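Notes for the structure review
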Amino acid sequence: MKKLLFTAAIAVLGFTSVNAQDDATVGGFEKGDVFISGSVGFGTETTGDLDSNVFNIAPKVGYFVSENIAAGLKVGYTSLSSDNDGTDLVDANEFAVGVFGRYYFAPASQFSLFTELGVDYTSGEDKLADAKYDGFDIAFAPGISYFVSKNFAIEASVGVLGYSTTEPDFDGAESTDTFNVGLNLSDINFGIVYKF
């Protein structure tokens, strides 16, 4: 799926870069700009009688508080279901709300590198197990942004450093703490940005 998205992003990038050469107004952010971005995904997997589905959506909005720094809010929802020959095995969902900050190294240009630091509060429920949990995620990721027109950009980011803690909602429950460092190609995220 990510290979397909990557190929589509390269095709759009190639097509629009040819058209963008004639457009002098292509690219860049400046203080006071507002942008929206985010991700939407759906996946399904079948093995014999076992069917699994996942859906997620995570929009975000940002505002440039200075020439190089953007701050913003994000929300997210994930739904996971799995059944074996009609018998439900998993029926879970998770909500997230968070804040993020970005530093752009060349915000006014068509092509820019950025780093993003985000903090999320998560709350989830496994309906079949009647179990709920709460947690926090902190993640740092570098990324690139390329404007294909005055208002649209393609961006990619890679999760490199992250920490999360999750605790079930019952007395005596212990938290699960996770710390990740490294480059995992499954953590590459592609997106489209619209600048107002």
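Residues numbered from 1 in each chain as written. Predicted model: local features only at pLDDT ≥ 70, side-chain atom pairs only at ≥ 80, totals over all residues. Heavy atoms only, no water.

1. Here's the deal with the overall build of the protein chain
Heads up, the condition is: Under the scheme used here, helices are H or I runs from DSSP no shorter than 4 residues and strands are E runs no shorter than 2 residues, and both carry numbers assigned from the N terminus. Burial classification: accessible surface area is computed with a 1.4 Å probe over protein chains only, and a residue below 20% of its type maximum counts as buried, one above 50% as exposed, and the rest as partly exposed. Contact definition: two residues touch when any of their heavy atoms are within 4.5 Å. Surface exposure here means Shrake-Rupley accessible area, sampled with a 1.4 Å probe, where a residue is shielded only by the protein chains that are shown.
If you tally the helices and strands in the protein chain, you get one helix and ten strands. Ordered by position from N to C terminus, the α and β elements of the protein chain give α-β-β-β-β-β-β-β-β-β-β. Out of the 196 residues belonging to the protein chain, those deemed buried represent 28%. Of the contacts formed within the protein chain by residues at least 6 apart in sequence, a portion of 56% connects residues at least 24 apart. Just so you have it, the protein chain exposes about 11,800 Å², and 62% of that area is on carbon and sulfur atoms.

2. Side note on the nonpolar core
Note the following rule: Buried residues of nine kinds, namely Ala, Val, Leu, Ile, Met, Phe, Trp, Tyr and Cys, make up a nonpolar core once their side-chain atoms join them within 4.5 Å.
Formed by Phe 29, Phe 35, Phe 64, Ala 70, Phe 100, Tyr 104, Phe 114, Phe 147, Ala 153 and Val 193, the largest nonpolar core amounts to ten residues. Beyond its immediate chain neighbours, meaning those up to four positions away, Phe 114 contacts Arg 102, Tyr 103, Tyr 104, Phe 105, Ala 141, Pro 142, Gly 143, Ile 144, Ser 145, Glu 155 and Ala 156.

3. Considerations on the pattern of salt bridges
Opposite charge on two side chains allows them to pair when their charged atoms are near. Inclusion rule: In what follows, salt bridge is the name for a side-chain nitrogen of Lys or Arg lying within 4 Å of a carboxyl oxygen of Asp or Glu.
Taken as a whole and assessed by the stated rule, the structure comprises five salt bridges. Glu 116 is the partner of Lys 60 in a salt bridge, and the nearest nitrogen-oxygen pair spans 3.0 Å. Of this pair, Lys 60 sits in strand E2 (residues 50-64) while Glu 116 sits in strand E5 (residues 111-126), and the two are 56 residues apart along the sequence. Each member of the pair, Lys 60 together with Glu 116, is buried. One salt-bridge network, held together by shared partners, links Lys 60, Arg 102, Glu 116 and Glu 155.

4. Structural notes on the confidence of the model for the protein chain
Quick note on the threshold: Along the chain, pLDDT gives the predictor's confidence residue by residue, from 0 to 100.
Per-residue confidence for the protein chain gives a mean pLDDT of 83; residues scoring 70 or more make up 85%. Note that residues 1-24 has pLDDT below 50 and, in this model, 16 contacts with residues that lie over four places away or in other chains.

5. With respect to the environment of Ala 58
Among the secondary structure elements, Ala 58 is positioned in strand E2. Sequence separation of Ala 58 and Gly 41 is 17 residues, and the distance between their C-alpha atoms is 9.1 Å. What Ala 58 contacts, discounting residues up to four positions off in sequence, is Ser 37, Gly 38, Ser 39, Val 75 and Gly 76.

6. What to know about the pairing of E2
Put simply, the rule reads: One bridge is not enough; two strands pair if DSSP finds at least two bridges between them.
Both strand E1 (residues 34-47) and E2 contribute to a ladder of 14 bridges, which runs antiparallel. Directly across from Val 34, in E2, lies its bridge partner Tyr 63. Where E2 lies against strand E3 (residues 69-84), 13 bridges are found, and the strand directions are antiparallel. Across the sheet, Val 61 pairs through a bridge with Leu 73, a residue of E3.

7. Re the packing of aromatic side chains
To keep it simple, the criterion reads: Here the aromatic set is Phe, Tyr and Trp, taking the six-membered ring for Trp, and pairing holds for ring centres within 6.5 Å; pairs whose planes are under 30 degrees apart are stacked, those over 60 apart are edge-to-face, and all others are tilted.
In the structure shown here, the tally under the stated rule is 13 aromatic pairs. By the ring-pair criterion, three or more aromatic residues cluster together here, those being Phe 29, Phe 35, Phe 64, Phe 100, Tyr 104, Phe 114 and Phe 147.

8. A look at the environment of Ile 154
Position of Ile 154 relative to the elements: it lies in strand E7 (residues 152-158). Remark: the alpha-carbon pair of Ile 154 and Gly 191, spanning 37 residues in sequence, is separated by 5.9 Å.

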